[in-house]
Amino acid sequence: MKVLHIPCLDDNYSYMIIDETTKEAAVVDPVEPHKVLRVAQENEVDLKFVLTTHHHWDHAGGNDKMKQLVPGIKIYGGSVDNVRGCTDKVENGDKISLGADISILSLHTPSHTKGHISYYVTGKEGEDPAVFTGDTLFIAGCGKFFEGTAEQMYQSLCVTLGSLPKPTRVYCGHEYTVKNLQFALTVEPDNAKIAQKLAWAEHQRRVGLPTIPSTIEEEMETNPFMRADLPEVQEKVGFKSPVEALREIRQRKDNWKG
């Protein structure tokens, strides 16, 4: 299983998932279809379907054009998210296969939007899995609760995504990592892993490289939103329950002027 980054718009990422045995491919959130098709041609792959994480235009806005440019392509999207151009609605637990070796599991991860889906992707034996988290889980951050609650985001981050295998590679929808880690240090100033990752992320961006993927394990060490169930983080923000701590961290982030 191969994953290619496709930078789009100002700070978005689309991703191409390639089954190397068959050269069949899927694309996550192809907001700039012409870029996506160029990458498909360069890699000589056969684009089979689109995986849409949520309905916001900077993720689903290329779907109609993809249908024009690739006749017969399937567009997957969350069943309650009203995704533009959707041909096949998915719910939590639905499975999709790609090529010979790739299996994709749909995970309902609401709060940013009601029907937000993260896609958990496994390949051949021995390959680390990957999860495409759209705007639910960012590297060291999470999406704003536009259509949901802190309870839902806690469930999405700490329960659904937090229970994936620790080596799972995390591919999110935006390059927000440096700012997220700067904010994370305001929550946990003594967390050396956050400071180390921030120095690394700043270097990556200076040389024009992505900070993605992370892993579930790294997020559990450096992402304040995924650490909201730890007593030391709750103490830092003055709340004794994970949901209240997560809500408080989100409010601080919304008001943070970093």
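Our structure's up above, just so we're on the same page.
Parameters and conventions
- Residues numbered from 1 in each chain as written.
- Predicted model: local features only at pLDDT ≥ 70, side-chain atom pairs only at ≥ 80, totals over all residues.
- Heavy atoms only, no water.
- Buried < 20%, exposed > 50% of the residue type's maximum accessible area, 1.4 Å probe, protein only.
- Helix = DSSP H or I, 4+ residues; strand = E, 2+ residues; numbered from the N terminus.
- Pairing = 2+ DSSP bridges.
- Right-handed = clockwise from strand over helix to strand, strands pointing away.
- Contact = heavy atoms within 4.5 Å.
- Axes fitted to C-alpha atoms, helices over the stretch in contact; angles between N-to-C directions.
- Phe/Tyr/Trp six-rings, centres within 6.5 Å; stacked < 30°, edge-to-face > 60°.
- Lys NZ or Arg CZ within 6 Å of the ring centre and 35° of its normal.
- Core = buried A, V, L, I, M, F, W, Y, C linked by side-chain atoms within 4.5 Å.
- Salt bridge = Lys/Arg side-chain N within 4 Å of Asp/Glu carboxyl O.

Caption draft 1: The arrangement of the pairing of strand β3 (residues 24-28) in detail. The element β3 is extensively covered by neighbouring structure, given that four of its five residues are classed as buried. The pairing of strand β2 (residues 12-19) with β3 spans five bridges and is antiparallel. Residue I18 lies in a different strand from β3, and its bridge partner there is A25. Between the end of β2 and the start of β3, which pair antiparallel, lie four residues, with K23 showing a positive phi angle near 65 degrees. With five bridges connecting them, β3 and strand β4 (residues 46-51) associate as parallel partners. By the bridge assignment, E24 is partnered in β4 with D46. Taken together, β3, helix α1 (residues 33-42) and β4 form a β-α-β motif whose crossover is right-handed.

Caption draft 2: Broad picture of the sheet that holds strand β13 (residues 169-172). Sheet architecture is open: six strands sit in the order β7-β8-β9-β10-β13-β14, paired in mixed fashion. At either end of the open sheet lies a strand with only one pairing partner, and these are β7 (95-98) and β14 (214-215). Packing against the sheet, helix α4 (residues 150-161) makes contact with β8 (102-108), β9 (117-122) and β10 (130-134), and its axis sits at approximately 145 degrees to β8.

Caption draft 3: Just the side chain of N180, in detail. Inspection of the secondary structure assignment puts N180 in helix α5 (residues 177-187). Apart from the residues lying within four places of it in its own chain, the contact partners of N180 are F138, I139, A140, G141 and K253.

Caption draft 4: Broad picture of the packing of aromatic side chains. In this structure the tally under the stated criterion is seven aromatic pairs. A centroid spacing of 5.3 Å and a plane angle of 85 degrees characterise the contact between F49 and Y76, whose relative ring orientation is edge-to-face. Highlighted residues: F49 in strand β4 and Y76 in strand β5 (residues 74-78), separated in sequence by 27 residues. On the basis of relative accessibility, which here comes to 5%, the residue F49 falls in the buried class. A relative accessible area of 10% means that Y76 is categorised as buried. The cationic tip of K253 hangs over the ring face of F183; the distance from NZ or CZ to the ring centre is 6.0 Å.

Caption draft 5: Representation of the nonpolar core. By size, the foremost hydrophobic cluster in this structure holds 51 residues, and its most contacted members are I17, L51, I104, F132 and L157. A total of six residues in this core trace back to one element, the largest contributor, which is α4. In this view, L157 contacts T136, L137, C142, G162, F225, M226 and L246; residues no more than four positions away in its chain are not counted. C8, M16, V45 and M66 belong to the second-largest nonpolar core, a separate cluster that totals 19 residues.

Caption draft 6: The pattern of salt bridges, seen in detail. Taken as a whole and judged by the stated rule, the model has eleven salt bridges. The partner of K197 in a salt bridge is E218, and the shortest N-O contact between them spans 2.6 Å. With K197 in helix α6 (residues 192-206) and E218 in helix α7 (residues 216-222), the pair connects residues that are 21 residues apart, well separated along the chain. Its relative accessible area of 8% is what places K197 among the buried residues. A relative accessible area of 30% places E218 in the partly exposed class. A salt bridge links K197 to E219; its shortest N-O distance comes to 3.9 Å. Placement of K197 in helix α6 and of E219 in helix α7 is noted, with a sequence separation of 22 residues between them. One salt-bridge network, held together by shared partners, links E151, E244 and R247.

Geometry only, nothing functional implied.
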